[in-house]
Amino acid sequence: MARHPASSASPLALAAAALLFLCLLSACRAAAAGSKQPITAVVLPVSKDDATQQYVTGFRQRTPLVPVKAVLDLAGATLWVDCDGYASSTYTRVPCGSTLCRGLSRSPACATTCSGAPSPSCLNDTCGGFPENTVTRLSTGGNVITDVLALPTTFRPAPAPGPLATAPAFLFACGSTSLTRGLAAGAAGMASLSRARFALPTQLASTFRFSRKFALCLPPAAAAGVVVFGDAPAYAFQPGVALSATDLTYTRLLVNPVSTAGVSARGDKSDEYFVGVTGIKVNGRAVPLNATLLAIDRKRGGVGGTKLSTVAPYTVLESSIYKAVTDAFAAETAMIPRAPAPPVPPFKLCYDGSKVGSTRVGPAVPTIELVLGDEATSWVVFGANSMVATQGGALCLGVVDGGKAPRTSVVIGGHMMEDNLLQFDLEASRLGFSSSLLFRQTNCNNFHLG
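The structure presented is a predicted model; accordingly, all values stated were derived computationally and were not measured. (Residues numbered from 1 in each chain as written. Predicted model: local features only at pLDDT ≥ 70, side-chain atom pairs only at ≥ 80, totals over all residues. Heavy atoms only, no water.)

Caption draft 1: Geometry of the packing of aromatic side chains. Considering all chains together, one arrives at 12 aromatic pairs under this definition. On the basis of an interplanar angle of 20° and a centroid distance of 5.4 Å, the ring pair of W379 and F433 is categorised as stacked. Pair noted here: W379 is in strand β29 (residues 378-381) and F433 is in strand β35 (residues 430-436), with a separation of 54 residues, a long-range link. Of the residues examined, W379 reaches a relative accessible area of 2% and is grouped as buried. Consider the rings of F382 and F439, whose centres lie 4.8 Å apart with planes at 90°: the pair is edge-to-face. Of the two residues, F382 is situated in the loop between β29 and α5 (383-386) and F439 in the loop between β35 and β36 (447-448); the sequence distance between them amounts to 57 residues. Classification of F382 by relative accessible area gives buried; the value is 14%. Against the face of Y250 rests R430, its NZ or CZ located 3.7 Å from the ring centre. (Phe/Tyr/Trp six-rings, centres within 6.5 Å; stacked < 30°, edge-to-face > 60°. Helix = DSSP H or I, 4+ residues; strand = E, 2+ residues; numbered from the N terminus. Buried < 20%, exposed > 50% of the residue type's maximum accessible area, 1.4 Å probe, protein only. Lys NZ or Arg CZ within 6 Å of the ring centre and 35° of its normal.)

Okay, structure coming up:
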C-alpha cells in the first residue's frame, strides 16, 4: 500500500492543481521543445519483452527528465508508476475533494495522514487512487499526483527520438515497488491506453488539443512497434506504404456497462475496449458455437463479449468456444502431421513445423475470421497471428482455454494483434484495423513518422 501523507497543502500546489483542471477543460496547449508549431501527434515506441511476452514502452518524466519504462495496457484508469524513491522538483498533489479527484472515481479515496517525510507517496490531504497491475490482478492504494511528462513528436531509432512534446502537469497514480512484480524487467509501472478520462489518450488529447484517437502497432519479438496519439493524416511504413483512414476496416467499439477493473464503484462502466464479435469462421466455414456468449450480458453483470488486451499474450476463449474453434481448425488441418512431442503449455493443438508451408502472411494454415456485427465485416487472422512457434520446432494454434465461466468470453490477445495497425477512435467510438501488414510487404518495425 502507498503510505498516507502528513504535510499540509501549499498555495502553490493548490494553484497547480487548479491550472491542471482548467487545462483539461479548455484544452490548454503544450508545445514541443524549441518549436512554436502546433503538435498534431505524439508517439511512444513499443518493444516486446521475450521473457514475459509483454509490450513495453518508454517515455520521460519528472524534473529533471528521466527515462521511465512501463508496460502498455489497454485497460487501467491511468498511468501508474513506482513512487518508491521518486524524485522530482515539479510534482504536485491532487487535493482531496477537488474536481480532478472526483473525476477519478464515484467514491474517491483520500490520504489524510502520513508518518514519513513528504514525498510523492507520502502527502497530506491528497486524492487516492487504486493503481492495478493487470498482469497479476493486484491493486494497491496510492496517491494521485501530477508531474512533467515528455513524449517524442517524431518516430526515429534511438538514441535520437526527435523533439519532445512536454505535458507540464500530467496526472498519474503512485504505485509501489511491490506492485511491479510480474512486469517485464525494468518496468516501473503501466501505461494505460484505455478510454478512461485520465488514461493517456484522453489526457494527451486535452493537453495538446488533438483528436482523442490513437493507433497501435504491436511488434513481434526482436522488432519495434509504435503508438501514435492524435491526428496523423496517414500512417507511413517503409518501403513506401501509407495507410490512410480509407485503407482501414471499421467496427463499432462497445461499452461494457459494468466495470471490469479490479477496483470499481457501483455504476462504473468498463474502460476496456469491447467489439461486437458475432461469429467465428475457420477457413471460411462458420464454427458452430453458443452465440449468446459473444454478447455482453447486461442482466448478469456485464459478463461475456469480446475485448482486446495487450497483457494477454494469446487469445483466450471460453471453454465451449475454445473446443469448437480448435475442433474446426483440427478438421481443416487434418493433412498436416501433428508435432511428435506432447503439446507445449498452454497450447493443445500443435503441428510438426517442418511439415507446414510458408506464405507472406506466415505459416500456410487456414484463416480464422472474427465476424464483426454482420457478415459484411470480418477481422481475418492469418498464420503469422494464429500460430506460435515453440521449442522443438512445433507450431501451435495460439489460443488458450479460458475456462467455463470467464468474465469475458473472448479476449483478443497481443499475438493476434501483432503487425496489424489498429486505430482506436474514442470520439467516433470505432476501431479501425488493417489486417496483416505483411500482406503489404511491410510490418510495424517499418513505421516512421517525421
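Caption draft 2: Spotlight on the pairing of strand β12 (residues 189-192). Burial of the side chains of β12 extends over both faces: G189 and A191 are buried on one face and M190 and S192 on the other. Sheet topology note: the strand β3 (residues 66-73)/β12 ladder contains 3 bridges and is parallel. Bridging from a neighbouring strand, V71 pairs with M190 of β12. Relative to β12, strand β4 (residues 80-82) is paired through 2 bridges, and the arrangement is antiparallel. Note that in β12 the partner of W80 across the bridge is M190. (Pairing = 2+ DSSP bridges.)

Caption draft 3: Looking closely at the state of the cysteines. Going through the model one piece at a time under the given rule, you end up with 5 disulfides. Bridging C96 to C110, the disulfide has an S-S length of 1.7 Å. Around the S-S axis, the bridge from C96 to C110 shows a dihedral of about 100° and counts as right-handed. With a gap of 14 residues between them, C96 in the loop between β5 (92-93) and α2 (99-104) and C110 in strand β6 (residues 109-111) connect regions that are remote in the sequence. Each sulfur of the disulfide joining C101 and C127 lies 2.2 Å from the other. The sign of the S-S torsion, about 85°, decides the handedness of the disulfide formed by C101 and C127: right-handed. (Disulfide = S-S within 2.5 Å.)

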